[in-house]
Amino acid sequence: MEPEQLMVAHGQLLRALRREVLGLSQTRYSELVGISRRTLSDLEGDKGNVTLEVKNRVFRPLGLEVSLLPRKRSLLEQALSPNQ
């Protein structure tokens, strides 16, 4: 499957994982990661403008981090090539 086919909004993914994997309410999860419930709600609704630091803070308990990957597989392979 190509990376383009896997694109899901960060907020949608966060909401699903928080609920289905961790079984936590917004209030409890926001306390756990040290942000306001409103900020978490905005993130899950893909609203607002949060820093990469905050996004990584909310994904950390799930063992994930936000990063950038090239959209084209050839660029990704080139970036990961040990010969470079």
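What you see is a predicted model; the values in this text were computed from it and never measured.

Enquirer: What's the story with the pattern of salt bridges in this structure? I'm lost.
Expert: Pairing between side chains of opposite charge can happen when their charged atoms approach one another. Tallied over the full model, the rule gives 4 salt bridges. Between E44 and R18 there is a salt bridge whose closest N-O contact spans 2.6 Å. In this pair, E44 sits in helix α3 (residues 37-44) while R18 sits in helix α1 (residues 10-22), placing the two residues 26 residues apart along the sequence. By relative accessible area, R18 is classed as buried at 5%. Taking the shortest distance from any N to any O, the salt bridge between R57 and E53 comes out at 3.7 Å. One end of the pair, R57, and the other, E53, are both in helix α4 (residues 52-59), 4 residues apart, so they sit about a helical turn from each other.

Enquirer: Help me out: how do you make sense of the environment of L62 in this one?
Expert: Looking at the secondary structure, you find L62 in the loop between α4 and α5 (73-80). With 44 residues separating them in the primary sequence, L62 and R18 have C-alpha atoms 8.2 Å apart. Aside from chain neighbours lying at most four places away, what touches L62 is L14, L17, L22 and Y29.

Enquirer: Got a minute to help me understand the packing of helix α2 (residues 26-33) against α3 in this structure?
Expert: A pair of packed helices is characterised by two quantities: the angle between their axes and the separation of those axes. In contact at an axis separation of 8 Å, α2 and α3 are set at 105° when each is read in the N-to-C sense. Viewed along their axes, α2 and α3 adopt a mutual orientation that is roughly perpendicular. Residues Q26, T27, Y29 and S30 of α2 pack against R37, L40, S41 and E44 of α3. Partitioned by chemical class, the residues of the contact of α2 with α3 number 2 nonpolar, 4 polar and 2 charged.

Enquirer: Is there a simple way to think about the nonpolar core in this case?
Expert: Considering soluble globular proteins, one finds that nonpolar side chains tend to be buried as a cluster. By size, the foremost hydrophobic cluster in this structure holds 12 residues: L14, L17, Y29, V33, I35, L40, L43, V54, V58, F59, L62 and V66. Broken down by secondary-structure element, the contributors of at least two residues to this core are α1, α2, α3 and α4. Per-element accounting of this core gives the leading share, 3 residues, to α4. Setting aside its immediate chain neighbours within four residues, F59 contacts H10, L13, L14, L64 and V66.

Enquirer: Which parts of the structure should I look at to understand the packing of α1 against α3?
Expert: Closest axis-to-axis distance for the α1/α3 pair is 7 Å, and the angle between their directions is 120°. In contact with G11, Q12, L14, R15 and R18 of α1, α3 contributes L40, L43 and E44. For the contact of α1 with α3, the residue count by class is 3 nonpolar, 2 polar and 3 charged.

Enquirer: Explanation requested: the confidence of the model for the chain in the structure shown.
Expert: Averaged over all residues, the pLDDT of the chain equals 86, while 88% of them reach at least 70. Here α5 stands out as the least confident element of the chain, with mean pLDDT 78; α2 is the most confident, with 97. In this model, residues 1-6 is a region of pLDDT below 50 whose contacts with residues beyond four sequence positions or in other chains number 6 contacts.

The rules behind these values
- Residues numbered from 1 in each chain as written.
- Predicted model: local features only at pLDDT ≥ 70, side-chain atom pairs only at ≥ 80, totals over all residues.
- Heavy atoms only, no water.
- Salt bridge = Lys/Arg side-chain N within 4 Å of Asp/Glu carboxyl O.
- Helix = DSSP H or I, 4+ residues; strand = E, 2+ residues; numbered from the N terminus.
- Buried < 20%, exposed > 50% of the residue type's maximum accessible area, 1.4 Å probe, protein only.
- Contact = heavy atoms within 4.5 Å.
- Axes fitted to C-alpha atoms, helices over the stretch in contact; angles between N-to-C directions.
- Parallel < 35°, antiparallel > 145°, perpendicular 65-115°, else oblique.
- Nonpolar A, V, L, I, M, F, W, Y, C, P; charged D, E, K, R; others polar.
- Core = buried A, V, L, I, M, F, W, Y, C linked by side-chain atoms within 4.5 Å.
- pLDDT = per-residue confidence, 0-100.

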